[in-house]
Amino acid sequence: MIRFILSDLRRLWAGSLVVVLLVALATALGVSVVLQERALRLGSARAADKFDLVIGAGGSETQLVLSSVFLQPSPLPLMSGEVLARLADDPRVDWAAPIGFGDSFSGYPIVGTTVVLAENLSGGLVEGKVFAREGEAVIGSAVQLSLGGEIKPMHGLAEEGGETHTELVYHIAGRMRPTGTAWDRAILVPIQAVWHIHGMEAEEGADHDHQQAGAGHDAHEHHGEANRDAPLEESWTDDAPGLPAILVKPKTIADAYKLRQQYRSGNTVAVFPGEVLTNLYATLGDAKQILVAVAAGAQALVAASLVLVTVIHIGQRRRQIGALRAFGAPRGAIFGIVWLEFFFLVAVGIGLGFTFGYAAALILSGMLSETSGIAMPVGFAREDARLAALLLAFATILAALPAVLAYRQSPAQALIA
């Protein structure tokens with residue numbers, strides 16, 4: 001029987017190939033949607049795990065996380081520098097790092113921060129040293145620049161008509177280890193250099209509520225002076241310039257919840273990035289369901305097409321089936337031959353569909369990781385095995401339709417036709 005089936009498939013190779021490709025493409029669509037959505041969730045969740053607590057001015061919690069954790073450019077209001085001074089002296093805080101952003105270089109975001117964040121974000125440097133002067137920078141692992149290279153900061157992005165700052169040129173002093181976050185594509189510079197370049201003197205910090213240095217606002221008229229050889233001063237006072245966000249490392253979990261509660265009142269907001277992402281996933285859940293429904297619809301159309309093709313195919317093979325019956329082949333054997341042929345084709349298509357879907361998800365995740373810096377792991381999970389089993393069960397039922405049609409044909413009628 002097996003040799004007969006293989007011979008039949010070789011003889012009808014063109015039609016068999018069409019069936020396999022139809023099933024493979026329909027399956028690949030659904031598999032790629034599931035794998036890519038999971039990779040996006042896992043990648044963003046792991047990136048958020050690097051940051052325990054984020055504190056910013058009152059406003060959108062989602063936008064605060066997208067800007068500070070995922071470095072998505074967006075204007076944020078500034079909070080008073082007094083918040084940073086309080087956090088620096090708080091016994092519940094292991095370290096607190098201010099950040100200021102908005103400048104860029106060659107498409108890489110420039111983030112003003114402190115030595116403590118540069119040292120702790122990736123667990124140390126893979127080469128070089130942490131910046132020790134105002135004119136030095138540390139680059140992420142995915143930044144395609146070399147140690148000692150020059151960085152000329154530009155306000156905003158080149159495609160947006162950004163203006164290059166002439167007050168200071170940074171020199172690359174070190175490179176961080178990979179973190180799997182958007183910060184792998186970031187250039188870290190001293191926050192005081194960002195303040196000086198944008199003319200944000202300490203006593204003026206409270207007056208810059210909507211002129212954030214490096215958050216997308218028009219700060220061209222706020223240029224100041226910077227000294228590349230100036231030593232870093234990272235002891236904070238109440239008159240520090242305004243800040244868009246502060247990344248905080250609490251000493252304990254209990255301290256984290258207490259700090260979040262304390263800074264969720266008044267003019268500040270404190271968030272756990274992972275918690276914000278969970279709410280965001282819930283909001284985007286309907287979009288996933290729509291994509292899954294589209295994929296399921298495509299699979300249903302393919303199934304209907306296959307039913308039509310097989311009915312026509314069985315009609316064209318009536319003489320062959322009649323001859324087999326005339327030579328003594330029992331009905332059960334005819335049923336088995338037709339069922340195995342069709343099931344084999346659909347099963348091969350499902351297998352190729354999972355392969356194609358996995359490859360498509362890998363390519364798409366690689367493209368997204370390259371642009372965002374976030375590592376997006378693509379892999380199968382237990383529920384994918386259930387999906388494969390469900391599709392094979394459906395193939396079992398679908399293959400029975402042409403087999404039943406062949407089973408019911410009488411040899412006399414088939415030969416006459």
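Residues numbered from 1 in each chain as written. Predicted model: local features only at pLDDT ≥ 70, side-chain atom pairs only at ≥ 80, totals over all residues. Heavy atoms only, no water.

(A) Quick look at the overall build of the protein. Scanning the protein from N- to C-terminus turns up 12 helices and 12 strands. Residue burial in the protein is summarised as follows: out of 417 residues, 46% are buried. Relative to all contacts within the protein whose residues are 6 or more apart in sequence, the contacts with residues 24 or more apart total 80%. Of the accessible surface of the protein, which amounts to about 19800 Å², a share of 60% is contributed by carbon and sulfur atoms. (Helix = DSSP H or I, 4+ residues; strand = E, 2+ residues; numbered from the N terminus. Buried < 20%, exposed > 50% of the residue type's maximum accessible area, 1.4 Å probe, protein only. Contact = heavy atoms within 4.5 Å. Areas by Shrake-Rupley, 256 points an atom, 1.4 Å probe, with all protein chains shown as cover.)

(B) Spotlight on helix H7 (residues 253-262). Along H7, the residues classified as buried are Asp255, Ala256, Leu259 and Arg260. Projected onto a plane normal to the axis of H7, the buried residues spread over an arc of 135 degrees and lie on a single side. (Arc of directions from axis to C-beta.)

(C) How the structure looks around unusual backbone geometry. Phi at leucine 71 takes a positive value of approximately 55 degrees, unusual for a residue other than glycine. In this model, serine 106 sits at a positive phi of 55 degrees, which is unusual for a non-glycine residue.

(D) Looking closely at the nonpolar core. Formed by 36 residues in total, the largest nonpolar core has its most connected members in Ile99, Leu117, Trp183 and Leu188. Mapped by element, the contributors of at least two residues to this core are helix H2 (13-48), helix H3 (61-68), strand S2 (93-105), helix H5 (115-120), strand S11 (245-250), strand S12 (268-271) and helix H8 (273-316). Counting residues per element, this core draws most heavily on S2, which supplies four residues. What leucine 117 contacts, discounting residues up to four positions off in sequence, is Trp95, Ala97, Ile99, Trp183 and Leu247. (Core = buried A, V, L, I, M, F, W, Y, C linked by side-chain atoms within 4.5 Å.)

(E) Here's a closer look at the environment of leucine 291. Checked against the element boundaries, leucine 291 lands in helix H8. Sequence separation between leucine 291 and glutamate 37 is 254 residues, and the spatial gap between their C-alpha atoms is 9.9 Å.

(F) Region of the structure containing the pattern of salt bridges. Within this structure, the stated rule accounts for 12 salt bridges. Note that arginine 264 is salt-bridged to glutamate 61, the shortest N-O span being 2.9 Å. Highlighted residues: arginine 264 in the loop between H7 and S12 and glutamate 61 in helix H3, separated in sequence by 203 residues. The exposure class assigned to arginine 264 is partly exposed, which follows from its relative accessible area of 38%. The class of glutamate 61 is partly exposed, set by a relative accessible area of 27%. Arginine 228 is the salt-bridge partner of aspartate 229, the closest N and O atoms lying 3.9 Å from each other. (Salt bridge = Lys/Arg side-chain N within 4 Å of Asp/Glu carboxyl O.)

(G) Expanded view of the environment of glycine 174. Note that glycine 174 resides in strand S9 (residues 170-176). Apart from the residues within four sequence positions on either side, glycine 174 is in contact with Leu125, Glu127, Gly128, Lys129, Ala137, Val138, Ile139 and Leu147.

(H) Fine view of the packing of aromatic side chains. Tallying each qualifying case throughout the model produces five aromatic pairs. When the ring of phenylalanine 51 is compared with that of tryptophan 183, the centres are 5.9 Å apart and the planes differ by 40 degrees; the resulting orientation is tilted. Highlighted residues: phenylalanine 51 in the loop between H2 and strand S1 (53-57) and tryptophan 183 in the loop between S9 and strand S10 (187-190), separated in sequence by 132 residues. For the residue pair phenylalanine 51 and tryptophan 183, the accessibility class agrees, reading buried in each case. Taken together through their ring pairs, the aromatic side chains of Phe354, Tyr358 and Phe380 make up a single cluster. (Phe/Tyr/Trp six-rings, centres within 6.5 Å; stacked < 30°, edge-to-face > 60°.)

(I) Looking closely at the side chain of threonine 179. Tracing the backbone shows threonine 179 in the loop between S9 and S10. Under the relative-accessibility criterion, threonine 179 is labelled buried at 9%. At 2.7 Å, the side chain of threonine 179 and the side chain of aspartate 184 are in polar contact. Beyond its immediate sequence surroundings of up to four residues, threonine 179 is in contact with Lys50, Leu121, Ser122 and Asp184. (Polar contact = N/O pair within 3.5 Å; in protein donor to acceptor, adjacent residues only side chain to side chain.)

(J) Seen up close, the pairing of S2. Where burial is concerned, most of S2 is hidden: 11 out of the 13 residues are buried. Looking at chain direction, S2 and S11 are connected through six bridges and run antiparallel. Bridge pairing links alanine 96 to valine 248 in S11. Strand direction decides the pairing type here: S2 and strand S3 (residues 108-113), joined by five bridges, are antiparallel. Note on S3: the bridge partner recorded for glycine 100 is glycine 112. Between S2 and S3, which follow one another and run antiparallel, lie two residues, and serine 106 among them has a positive phi close to 55 degrees. The sheet contact formed by S2 and strand S7 (residues 154-155) spans two bridges and is antiparallel. Note that in S7 the partner of aspartate 103 across the bridge is histidine 155. (Pairing = 2+ DSSP bridges.)

(K) Geometry of H3. Buried within H3 are the following residues: Leu64, Val65, Ser67 and Ser68. The arc that holds the buried residues of H3, viewed along the axis, is 170 degrees, so those residues lie on one side. Sitting at the amino-terminal end of H3 is serine 60, which places a side-chain oxygen 3.4 Å from the backbone nitrogen of threonine 62.

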